[in-house]
Amino acid sequence: MLRTLKITAVIAALALVVAACGDDDAETTTTTAAPLQDIVDTAVAAGSFTTLATALEAADLVGTLKSEGPFTVFAPTDEAFAALPEGTLDALLADIPTLTDILLYHVVPGKVMAADVVGLESATTVQGSDLAITVDGDTVSIGDATVVTTDVEASNGVIHVIDTVLIP
């Protein structure tokens, strides 16, 4: 999704340059951005959340994160899942109640943008526990994870990409 957003931004910028250099008497047309996808489709389109998508499907949470929301998801990358101790992911996929708790621990109700996150000390997750939030200069940590990308907007909320799977 980030790649698609970057490509869309480049196309939009080129269109503005071409329009600025064009004939002043020429008709102008406006284009509208493609509508945002929901959180699940946005994550899948990004290509770096296949393990998260698999886990959401196993826990039967895809429908929830495709619903109206809004939600804020602290989304661990495939690399974050790969960093779990060997066998942990397979064990979680076989233990749906624990997997569900862990996944819901990554979701906060409402749309909390990065500018708001940095002003918080904690956030209560859908799972029910609080996530500690710390800010050290430009580095924002959510629990034991570092936020590596912020404000990936979706039609039903926002995704902040993290480098570690959070365990309640």
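Scope of this entry: the structure provided in the associated data block. Residue numbers run consecutively from 1 along every chain, following the written order of its sequence. In keeping with the predicted nature of the model, local features appear solely for residues at pLDDT of at least 70, side-chain atom pairs appear and are counted solely at 80 or more, and the whole-chain, interface and lining totals rest on all residues. Hydrogens and water are ignored here; the side-chain numbers use all heavy atoms of the structure.

What follows covers helix 3 (residues 50-58). Regarding helix 3, the residues found buried are Thr51, Leu52, Ala55 and Leu56. Within helix 3, the buried residues cover an arc of 135° as seen down the axis, which keeps them to one side. Note on contacts: a residue pair qualifies if any of its non-hydrogen atoms lie within 4.5 Å across the two residues. Counting from the N terminus, the helices are DSSP H or I runs at least four residues long and the strands are E runs at least two residues long. Residues of helix 3 that are buried make contact with helix 4 (62-66), strand 1 (71-76), helix 5 (78-82), helix 6 (88-94) and helix 7 (96-104). Among the residues trailing helix 3, aspartate 60 stands out with phi positive, at a value near 60°. Categorising residues by exposure relies on relative accessible area from a 1.4 Å probe, with only protein chains included: less than 20% of the type maximum marks a residue as buried, more than 50% marks it as exposed, and the intermediate range marks it as partly exposed. The directions from the helix axis to the C-beta atoms form the arc being described.

Looking at where glycine 128 falls in the secondary structure, it is placed in the loop between strand 3 (122-124) and strand 4 (130-136). The class of glycine 128 is exposed, set by a relative accessible area of 53%. Considering only alpha carbons, one finds glycine 128 and leucine 104, 24 residues apart in sequence, at a separation of 8.4 Å.

Here the focus is the side chain of aspartate 38. Along the polypeptide, aspartate 38 turns up in the loop between helix 1 (2-21) and helix 2 (39-46). Of the residues examined, aspartate 38 reaches a relative accessible area of 11% and is grouped as buried. N or O atoms within 3.5 Å of each other form a polar contact, as long as, within protein, one can give a hydrogen and the other can take it, and as long as residues adjacent in sequence are counted only when both atoms are side-chain atoms. One polar contact links the side chain of aspartate 38 to the main-chain amide nitrogen of aspartate 41, over a distance of 2.8 Å. Those residues in contact with aspartate 38 that sit more than four places away from it in its chain are Leu65, Lys66, Ala154, Ser155 and Asn156.

With that settled, the discussion passes to the sheet that holds strand 2 (residues 107-109). Reading across from one edge, 2-1-7-6-5-4-3 is the order of the seven strands in this open sheet, with mixed pairing throughout. Edge strands, defined here as strands with exactly one partner in the open sheet, are strand 2 and strand 3. Strand after strand, the sheet turns through a mean of 30° between neighbouring axes, direction not considered. When strand 3 meets strand 4, the two strands line up antiparallel, connected through three bridges. Within strand 4, the residue paired with serine 122 across the bridge is alanine 132. Only when DSSP finds a minimum of two bridges between them are two strands counted as paired. To get an axis, fit a line to the C-alpha atoms, keeping to the stretch in contact for a helix; angles then go from 0 to 180 degrees between the N-to-C directions.

The next point concerns the pattern of salt bridges. Whenever Lys or Arg places a side-chain nitrogen within 4 Å of a carboxyl oxygen from Asp or Glu, that contact is recorded as a salt bridge. In this structure the tally under the stated criterion is three salt bridges. Linking aspartate 38 and lysine 66 is a salt bridge whose minimum nitrogen-to-oxygen distance equals 2.8 Å. With aspartate 38 in the loop between helix 1 and helix 2 and lysine 66 in helix 4, the pair connects residues that are 28 residues apart, well separated along the chain. For lysine 66, a relative accessible area of 35% gives the class partly exposed. Here glutamate 153 makes a salt bridge to lysine 111, at a shortest N to O gap of 2.8 Å. Of this pair, glutamate 153 sits in strand 6 (residues 145-154) while lysine 111 sits in the loop between strand 2 and helix 8 (114-117), and the two are 42 residues apart along the sequence. On the accessibility criterion, glutamate 153 (34% relative accessible area) is partly exposed. A cluster of three or more residues bridged by salt bridges with shared partners is formed by Asp38, Asp41 and Lys66.

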